[in-house]
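Chains, contacts and geometry: an overview
Here is how the chains run, residue by residue.
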Protein chains: 2
Amino acid sequence: MTQATKTLADQVRQGDRRALAKAITLVESTRDDHRQQTAELLETLIPDAGNSIRIGISGAPGVGKSTFIEVLGSHLIQLGHSVAVLAVDPSSAVTGGSILGDKTRMETLAFAEKAFVRPSPAGSTLGGVARRTRESMLVCEAAGFDIILVETVGVGQSETAVADMTDMFLLLLLPAGGDELQGIKRGIMELADLILVNKADGDQVALAALTMGDYRSAVQFLASRFDDWQTPVMSCSSINDEGIVEVWGQVDAFKEILSKTGQLQQRRAEQAKAWMWSEMTESLVADLKADERIRSLVPDIESAVLAGELPATVAAQRVLNLYKDR
Amino acid sequence: MTQATKTLADQVRQGDRRALAKAITLVESTRDDHRQQTAELLETLIPDAGNSIRIGISGAPGVGKSTFIEVLGSHLIQLGHSVAVLAVDPSSAVTGGSILGDKTRMETLAFAEKAFVRPSPAGSTLGGVARRTRESMLVCEAAGFDIILVETVGVGQSETAVADMTDMFLLLLLPAGGDELQGIKRGIMELADLILVNKADGDQVALAALTMGDYRSAVQFLASRFDDWQTPVMSCSSINDEGIVEVWGQVDAFKEILSKTGQLQQRRAEQAKAWMWSEMTESLVADLKADERIRSLVPDIESAVLAGELPATVAAQRVLNLYKDR
């Protein structure tokens, strides 16, 4: 390992903010030499990582995720915690923007000493963004942050990715009648360890109560992700700072119960193992797709499969043989 | 292609039952030379495949899947259809048995001229069982069967596999109160294009009606898998042959609506493409895992990852480099 990487690791461990930012920039880089340095850095830091509660926060655009995170985060800092906010937002690769890019939406946190807010890295694939977020999480933990909040805007499969890298998954909803709820993406509700009806304020209070009732009956039909934990449904108002303390109370309860039964540790171990294998699989497929002859062949094969002229298994075998006979 | 394979293909196309059984036995074999013959066979048959409606049927053990399939299948044969019944049951690999193995549960179908009942192949992995079921489906279609029913016992991820290889997914339930419904596996309800409360007979009729109501309110919260199709919730009694005709009416409506909008064709194309890539990925990983040095290395690496001593990405990279430097 280079001296520079070693120094960077030491500075991160000491909680040096600029070193932390620098380390995460390194983690986010796709340059081969940077990936190599990142590997060394992560291997050095990992003994100091893991001492945090990792919380995924999802919800449709407009549900008020940023304000919620701002208020929750400020509350946690007052309790003496240090809070890192990361984001998984593959769409930022397209838009070039980021769900956390607009720091003004998180003024307090963005500039608080005990907080660290990092926008979603631009990444072409969800897998790429997710990997870098997982790695950034380790770096933040090594830097001493004991609470990691991972925001996702909830496009496509990003919630699943976030649920797979966090201990607990929060789903934010708006006060809304049953019919309007249909837009919720398939399977997201099942990921939620805590369902939160946000914006329960002003003339929305009554509607929020109705929404809570609807979801409480709905979650009955869903198997909970953990033994001894049935997904609670609560409401809060971020702008009025109402219900936030109660939300954190549930997070504490969740952490205590699942730590006691060992489910939390088991879940993290499973996540790490699954992550390793998905990393390997993704890289393998990427390597295959990078093969010149295969790249030139795949379009024809795919269209033959789509046209129902070539069985998928036969097509797959052909490509594989090409790859292995390199 | 060998003459034998060509002959077999011709006999299958002519609807020769013994040839069909022989072809599926070939499809189910894992022997390399058999896999090669299978590839040739499928490539010959695929132009004649695809002319069926593929229906996945899932439900917990004891819900009455076999009786339902027996009654539905007999009804369809009377309507002039020919029905092939396949099964995806990875557990049969363990038990050695099969969910459709007990033919006596399907006496009419098992011996009907226009029906073909095939137990789940013994397979070590769900992927393997699923692949052979997909391939058997093509063979049955080439043999002229216009309705394919794929039964799954609903263990682990088998429902997802079946939903990914069929046009429509039926979920069978028992009449039961809300509390007892919690056992339903995460995400299965979202896969359902039609929810069916079976055993709505005798003193269960009232309870079945309640169950229907519960699920009708529950499905409101789930996004439908297709535009223009909201999952209906119905009840039926297989033993009294009540509601079966209505069920098929819904299947017809589903097929008509989704064919009109082109969603059915699009879904099949996507399934074929996804199948091709998952085939490729699985085979690649299998090839990697078969590597001697990697096999001896993986346990240590995995335990280091599980212990939090080695970052998953670093571990993955190490294994990959070993594989590529062969």
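Scroll up to find the structure.
Residues numbered from 1 in each chain as written. Chains lettered and ligands numbered in written order. Predicted model: local features only at pLDDT ≥ 70, side-chain atom pairs only at ≥ 80, totals over all residues. Heavy atoms only, no water.

Quick word on the relation of the copies chain A and chain B
Both copies of the chain are related by a screw-like operation: a rotation about an axis and a shift along it. Mapping chain A onto chain B calls for a screw motion: a turn of 180° about the axis and a shift of 0.0 Å along it, with 0.1 Å RMSD after fitting. Taken together, the rotation and translation relating the two chain copies correspond to the operation of a two-fold axis. Looking at chain A, 98% of its interface residues are interface residues in chain B too, so the copies touch through the same face. (Least-squares fit on C-alpha atoms with pLDDT ≥ 70 in both. Contact = heavy atoms within 4.5 Å.)

Examining the pattern of salt bridges
Evaluation of the coordinates by the stated rule reveals 30 salt bridges over all chains. For R54 of chain B, the salt bridge is made with E141 of chain B, and the minimal N-O distance between the two is 2.7 Å. One end of the pair, R54 of chain B, is in strand 1 (residues 53-58); the other, E141 of chain B, is in helix 7 (residues 126-142), and 87 residues separate them in sequence. Across this residue pair, the class does not change: R54 of chain B and E141 of chain B are buried. Connected via shared salt-bridge partners are K6, D10, R13 and D48 of chain A. (Salt bridge = Lys/Arg side-chain N within 4 Å of Asp/Glu carboxyl O. Helix = DSSP H or I, 4+ residues; strand = E, 2+ residues; numbered from the N terminus. Buried < 20%, exposed > 50% of the residue type's maximum accessible area, 1.4 Å probe, protein only.)

Remarks on the packing of helix 4 (residues 65-78) of chain B against helix 11 (residues 244-260) of chain B
Residue and element names in this part refer to chain B. Two elements in contact, helix 4 and helix 11, have axes whose closest approach is 10 Å; the angle formed by their N-to-C orientations is 70°. By the criterion of interaxial angle, the relationship of helix 4 to helix 11 is roughly perpendicular. Contacts between helix 4 and helix 11 involve F68, V71, L72, H75 and L76 on the former and, on the latter, I244, V245, V247 and W248. Of the residues belonging to the contact of helix 4 with helix 11, the class tally is eight nonpolar, one polar and no charged. (Axes fitted to C-alpha atoms, helices over the stretch in contact; angles between N-to-C directions. Parallel < 35°, antiparallel > 145°, perpendicular 65-115°, else oblique. Nonpolar A, V, L, I, M, F, W, Y, C, P; charged D, E, K, R; others polar.)

Describing the sheet that holds strand 3 (residues 115-117) of chain B
Residues and elements named next belong to chain B. Taken together, the seven strands give an open sheet; going across it, the order is 3-2-4-1-5-6-7, and neighbouring strands pair in parallel fashion. Two strands close off the open sheet at either side, each with one partner strand: strand 3 and strand 7 (233-235). In this sheet, neighbouring strand axes are inclined to one another by 25° on average, regardless of whether the strands run parallel or antiparallel. Pairing geometry for strand 5 (residues 168-173) and strand 6 (residues 194-197), over four bridges, is parallel. What sits directly across from L173, in strand 6, is V197. Of the strands in this sheet, strand 1, strand 2 (83-88), strand 3 and strand 4 (147-152) are in contact with helix 7, which crosses strand 2 at around 170°. (Pairing = 2+ DSSP bridges.)

A look at the sheet that holds strand 7 (residues 233-235) of chain A
Residues and elements named next belong to chain A. If you walk across this open sheet you meet the seven strands as 3-2-4-1-5-6-7, and the pairing is parallel. Both edges of this open sheet fall to strand 3 (115-117) and strand 7, since each of them pairs with a single strand only. Averaged over all pairs of adjacent strands, the angle between their axes in this sheet comes to 25°, without regard to strand direction. The sheet contacts of helix 4 (residues 65-78) involve strand 1 (53-58), strand 2 (83-88), strand 3, strand 4 (147-152), strand 5 (168-173) and strand 6 (194-197), and relative to strand 4 the element is tilted by about 175°. Relative to strand 7, helix 10 (residues 205-219) is tilted by about 170°, and along the sheet it contacts strand 5, strand 6 and strand 7.

Let's talk about the nonpolar core
Core analysis: the largest hydrophobic core is formed by 80 residues, its most contacted members being V139, C140, M276 and L288 of chain A together with M276 and L288 of chain B. Apart from the residues lying within four places of it in its own chain, the contact partners of L288 of chain B are W277, M280 and L284 of chain A together with I294, V319, L320 and Y323 of chain B. Formed by 67 residues, the second largest nonpolar core is a distinct cluster that contains A200 of chain A together with A19, I188 and V233 of chain B. (Core = buried A, V, L, I, M, F, W, Y, C linked by side-chain atoms within 4.5 Å.)

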